[in-house]
Structure formats: structure tokens, C-alpha cells
Amino acid sequence: MSALKARIANEMKAALLGRHRFRGDVLRNLKAAILNEEVSLGKRDEGLNDTEVEKVIAREVKKRKESSELYRANGRAELAEPEEKEAAILQEYLPEQLSEDEIRVMVEAAVADLGATMQQMGQVIGAVKAKAGNAADGALIAKITKETLAKQ
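Residues numbered from 1 in each chain as written. Predicted model: local features only at pLDDT ≥ 70, side-chain atom pairs only at ≥ 80, totals over all residues. Heavy atoms only, no water.

Asks: Mind showing me how you'd approach the environment of E108 here?
Replies: Within the secondary structure layout, E108 lies in helix α5 (residues 100–114). Separated by 36 residues in the primary sequence, E108 and I144 place their C-alpha atoms 9.3 Å from one another. (Helix = DSSP H or I, 4+ residues; strand = E, 2+ residues; numbered from the N terminus.)

Asks: What am I meant to see in the side chain of T145 here?
Replies: The topology assignment puts T145 in helix α7 (residues 138–151). Sequence-distant contacts of T145, that is, excluding residues within four places in its chain, are made with V107, M121, V124 and I125. (Contact = heavy atoms within 4.5 Å.)

Asks: Explain unusual backbone geometry to me, please; I cannot follow it from the model alone.
Replies: Only a minority of non-glycine residues have a phi that is not negative, and only a minority of peptide bonds are not trans. We note that R19 has phi near 65 degrees; this positive angle belongs to a residue other than glycine. Take R19: it is sitting in the loop between α1 (3–17) and α2 (21–41).

Asks: Just checking my understanding: could you explain the nonpolar core for this structure?
Replies: Where a protein is soluble and globular, its nonpolar side chains tend to be buried together. Grouped together as the largest cluster of nonpolar side chains are 18 residues, with contacts concentrated most on I8, L27, L30, I34, V53 and I57. Mapped onto this core, the elements with two or more residues apiece are α1, α2, α3 (50–73) and α4 (77–91). Residue contributions to this core peak at five residues, all from α2. Those residues within four positions of I8 in sequence are excluded, and the remaining contacts are L27, L30, I34, V53, I57 and Y93. Listed in part, the 14 residues of the second largest apolar core include I103, V111, V124 and A132. (Core = buried A, V, L, I, M, F, W, Y, C linked by side-chain atoms within 4.5 Å. Buried < 20%, exposed > 50% of the residue type's maximum accessible area, 1.4 Å probe, protein only.)

Asks: In this structure, what is going on with the packing of helix α6 (residues 121–132) against α7? I would like to understand it.
Replies: A packed helix pair is summarised by two numbers, namely the angle formed by the two axes and the spacing between the axes. At their nearest, the axes of α6 and α7 sit 10 Å apart, and the two run at 135 degrees to each other. The pairing of α6 with α7 is recorded here as oblique in orientation. As for the relative orientation of α6 and α7, their crossing is right-handed in sense. Across the interface between the two elements, M121, V124, I125, V128 and K129 of α6 pack against G138, I141, A142, T145, K146 and L149 of α7. Classifying every residue of the contact of α6 with α7 by side-chain character gives seven nonpolar, two polar and two charged. (Axes fitted to C-alpha atoms, helices over the stretch in contact; angles between N-to-C directions. Parallel < 35°, antiparallel > 145°, perpendicular 65-115°, else oblique. Left-handed = near helix turned anticlockwise from the far one by under 90°. Nonpolar A, V, L, I, M, F, W, Y, C, P; charged D, E, K, R; others polar.)

Encoded structure:
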């Protein structure tokens, strides 16, 4: 079992025993998402490694943020708030996120290395994602890459 998966399981138990039901339920749902990913990848026996668990967490955070944005756009703040709280809890299990400036530097370096044009935007995004890992949001990388390539 990966260290991150064990940490999630232990903190879920602690939250539920400490009567922190909301946090416990969020972590229980995360544990279920990790299990689903293990089953779909055929890794039920050996489990996911920490990097793969982080990818699942990042996907779950993204789902919560998108839901929250949709709720707010439709004037349903009472539904957006729980989604935002869940995203904040899940975010604790991800590595420190890179700032926009740090991502911009990485994008500019990748563009320079590849001599990229707008047609090679996917290659630049792929290179930056490989370097940043789960410490950067893919949508933010894509946005900054598009802005950078459009300036050329």
C-alpha cells in the first residue's frame, strides 16, 4: 500500500472516530475513487503508487471545482459551498501547487527548447505536465501555453 493511501485511510478513521463526519465522508469517497481506479487499471492486488493516487486526487479536486463553478454561475451558492469544502480537504493530499509565474517560466523554457509554434501546443503542454507532475493544474498549463504561443 502506498504511503499516501495509508495516510488517507488512517485520517479517514481518525475523522470518523472523532465525529468529524463531513471530513470522514470526503475521505471515504476518495478511498472509493482510489479503489475504482485500482480495479479499472487491474492493480487491485498491488495497488496504486503515490503518483497514481495523486492523479486520482487531482481529478477529484477538479470535479469539485467544476461543480462549484457551475453552481455559482447558476446562483446556487448553498450547493457550491460543500463542493468547495470537499475540494479544500482533498487539496491537502496533493503536493504544493506551483504558482502561475512558476508555470509561466516552465512553459517559456519548454517553448524555447522545442522552438514551438502554435501547432505544437500539445507538445509544450505535455513537456510541462511531465516536469510539473501533479503540482500544476493542466487547464492552467494549457491557458498559459496558449497565451505564450499567441505572443510569438
